[in-house]
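# A closer look at the structure
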Amino acid sequence: MLILILNPESFNTEALMLSKVVPGRILNKPALRNEGEQARSTAARHALIYMVLKLYDVEPQKLGIAYDEYGKPYFIELPDIHFSISHCKGLSALTLDCVKVGLDAENIRPFSLKAAKRVCSMRELQLIESSLEPERDFFRLWALKESYIKAFEEMSCPFREIEFGFAAGQPKSFFTNAEFGLCEALDGYVIACCRQVAAAEGNRGEGYYEHVCSV
């Protein structure tokens, strides 16, 4: 499930009425570096907890969130519920699943070739250089790479070795333990998700999020 929150900076978290049933220590994340980032994170966190309470038979007191050594959040008492949160200016996104999952949301914006050379393989650079929409394709690649790292916590893996291509607009990769999806339903944004699958299933990224994109 993918949930997108437009303009999270002005999102009314009180409308979800979570404070009446969920302890404040669960709802409130430690302060982040600026108000916009704090608001985007708070909106995503409240939406996450709201959806878990709606979809699962879970006591609110069991929704405590902790962070592993890489900074990835998880539910302390609910190891079978996996989630990932990402946000950028004007958008918060989250996904829930029963397997490892990683999500990244990016504003499409200008980028430098120097930055692209640091994170893209030669084939990816050729793809960007020949693209009619180089900014979009660069951030497609960036978001896909980030989603894989978030899902599997491959912090030591160089970005250039996490390689992607596209076929009919859908992501293609050499990973056999993951499937990937792109959501581009919102103008100016790219949202990528990586989801763990059994090795035998391979990469089934085609249309992964076509039926669950929601705003």
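Since the model is a prediction, treat every value here as computed from it, not as a measurement. (Residues numbered from 1 in each chain as written. Predicted model: local features only at pLDDT ≥ 70, side-chain atom pairs only at ≥ 80, totals over all residues. Heavy atoms only, no water.)

### Observations concerning unusual backbone geometry
If a residue is not glycine, its phi is most likely negative; likewise, a peptide bond is most likely trans. Note the threshold: Note on conventions: DSSP H or I runs of at least 4 residues are helices, E runs of at least 2 residues are strands, and numbering of each starts at the N terminus.
Unusually for a residue other than glycine, Met17 sits at a positive phi of about 55 degrees. Along the polypeptide, Met17 turns up in the loop between strand S1 (2-6) and helix H1 (24-27). Although it is not a glycine, Ala168 sits at a positive phi angle of roughly 55 degrees. Note on placement: Ala168 falls in the loop between strand S7 (164-167) and strand S8 (170-173).

### Some points on the sheet that holds strand S6 (residues 101-107)
Spelled out, the test is: Between any two strands, at least two bridges found by DSSP are needed for them to pair. Interaxial angle, 0 to 180 degrees, is taken between N-to-C directions of lines fitted to C-alpha atoms, where a helix line uses only the stretch in contact. Whether two residues are in contact is decided by their heavy atoms: any pair within 4.5 Å suffices.
As summarised here, the arrangement of the three strands in space is S6-S10-S9, forming an open sheet in which the pairing is antiparallel. Each end of this open sheet is capped by a strand with a single partner; those strands are S6 and strand S9 (178-183). On average, each strand axis in the sheet is tilted by 15 degrees relative to the strand beside it, whichever way the strands run. Note: S9 against strand S10 (residues 189-196), six bridges, orientation antiparallel. Opposite Leu182, over in S10, you have Ala192 as the bridge partner. Along the sheet face, helix H5 (residues 134-152) touches S6, S9 and S10 and points at about 150 degrees away from the line of S6.

### Points about helix H4 (residues 122-129)
Residues that lie three or four places apart on an α-helix share one face, since the helix turns once every 3.6 residues. Here is the rule we go by: Buried residues are those whose accessible area, probed at 1.4 Å on protein chains only, stays under 20% of the maximum for their type, while exposed residues exceed 50% and partly exposed ones sit between those limits. Starting at the helix axis, one direction is taken to each C-beta atom, and the arc is that of these directions.
What H4 keeps buried is the set Glu124, Leu125 and Ile128. Axial view of H4: buried residues confined to an arc of 100 degrees, hence all on one face. Opposite its buried face, H4 presents the exposed residues Met122 and Arg123, each directed more than 90 degrees away. Contacts from the buried residues of H4 go to helix H3 (113-119), H5 and S7.

### Points about the layout of surface pockets
Spelled out, the test is: Here a cavity denotes a set of grid points, spaced 1 Å apart and computed over the protein atoms alone, in which a 1.4 Å probe fits but from which it cannot get out, and a pocket denotes an open set meeting protein on both sides within 12 Å along at least five of seven lines; residues with an atom within 4 Å of a point are reported as lining. Grid points are joined across faces, edges and corners, and a volume is the space filled by probe spheres set on the points. Any residue outside Ala, Val, Leu, Ile, Met, Phe, Trp, Tyr, Cys, Pro, Asp, Glu, Lys and Arg is labelled polar, Gly included; the first ten of those are nonpolar and the last four are charged.
A volume near 250 Å³ is recorded for the second largest pocket. Along the walls of the second largest pocket sit 14 residues, with Asp68, Lys72, Pro73, Tyr74 and His82 positioned nearest its centre. Looking at the lining of the second largest pocket, the elements that each hand over two or more residues are strand S3 (73-75), strand S4 (82-88) and H5. Top element by residues in the lining of the second largest pocket is S3. It accounts for three residues. Looking at the lining of the second largest pocket residue by residue, the classes come out as nine nonpolar, one polar and four charged.

All quantities given are derived from atomic positions and should not be read as evidence of function.
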